[in-house]
Amino acid sequence: VCCKVLEEEEHVGVLEDLASEDFRVCNLRLVRMNLKQASELSGILQSRAAEAELMAGPVLLIAMERDNGCARLQMALGRRASGAMGGGRGGIGGLVAKFKGQILCTESVAKSSAAIAYCFDAFHDGSFVVNEVSK
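About the thresholds
- Residues numbered from 1 in each chain as written.
- Predicted model: local features only at pLDDT ≥ 70, side-chain atom pairs only at ≥ 80, totals over all residues.
- Heavy atoms only, no water.
- Helix = DSSP H or I, 4+ residues; strand = E, 2+ residues; numbered from the N terminus.
- Buried < 20%, exposed > 50% of the residue type's maximum accessible area, 1.4 Å probe, protein only.
- Contact = heavy atoms within 4.5 Å.
- Pairing = 2+ DSSP bridges.
- Axes fitted to C-alpha atoms, helices over the stretch in contact; angles between N-to-C directions.
- Parallel < 35°, antiparallel > 145°, perpendicular 65-115°, else oblique.
- Left-handed = near helix turned anticlockwise from the far one by under 90°.
- Nonpolar A, V, L, I, M, F, W, Y, C, P; charged D, E, K, R; others polar.

(A) Expanded view of the side chain of Ser112. Mapped onto the secondary structure, Ser112 falls in helix α6 (residues 109–121). When its relative accessible area of 15% is taken as the criterion, Ser112 is described as buried. Filtering out sequence-adjacent residues up to four positions away, Ser112 remains in contact with Cys70 and Thr106.

(B) Summary view of the pairing of strand β2 (residues 59–65). Among the 7 residues of β2, 5 are classified as buried, and the element is accordingly described as predominantly covered. Where strand β1 (residues 24–32) meets β2, 7 bridges bridge the pair, whose relative direction is antiparallel. Directly across from Val31, in β2, lies its bridge partner Val59.

(C) Representation of the side chain of Ser42 within the structure. Inspection of the secondary structure assignment puts Ser42 in helix α2 (residues 35–45). You can call Ser42 buried: its relative accessible area is 0%. Beyond its immediate sequence surroundings of up to four residues, Ser42 is in contact with Ser47, Arg48, Ala50, Glu51 and Leu54.

(D) View of the packing of helix α4 (residues 69–76) against helix α5 (residues 91–98). Running from N to C, α4 and α5 point in directions that differ by 45°, and their axes come no closer than 9 Å. Judged by the inter-axis angle, α4 sits oblique to α5. The hand of the α4/α5 crossing is right-handed. Residues Arg72, Leu73 and Ala76 of α4 form the contact with α5, whose own contacting residues are Ile92, Gly93 and Val96. Split into classes, the residues belonging to the contact of α4 with α5 amount to 4 nonpolar, 1 polar and 1 charged.

Here it is, written out as structure tokens:
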């Protein structure tokens with residue numbers, strides 16, 4: 001989940017950076033959230049501070065996959081020891097540096113499944129989908 005309002009050309013850069021690290025985008029949605037949705041997604045992400053960010057404007061929701069994807073994103077965010085796969089420039093490291101504090105993600109694969117189900121399967125009650133792309 002990326003919470004910054006992006007200009008159209010920035011969406012392309014985000015996708016290119018993800019692709020450079022072998023992430024495959026499975027679904028992508030640009031939405032505006034109401035209080036209930038922001039609260040529920042914050043709970044899944046275990047970040048109550050995210051509620052205001054999620055409601056501030058359009059939110060780019062990205063479902064992506066790759067081998068050890070959760071671990072790689074956590075390393076880039078500085079939540080795990082990075083070893084040879086640190087933040088760096090370009091790729092995920094570049095995204096984290098550019099959108100510091102704006103990127104929210106789950107802590108585990110199980111929580112990722114819950115977030116994906118919420119954002120792409122059950123996220124319709126009162127939502128305003130600005131744009132959606134899926135496979």
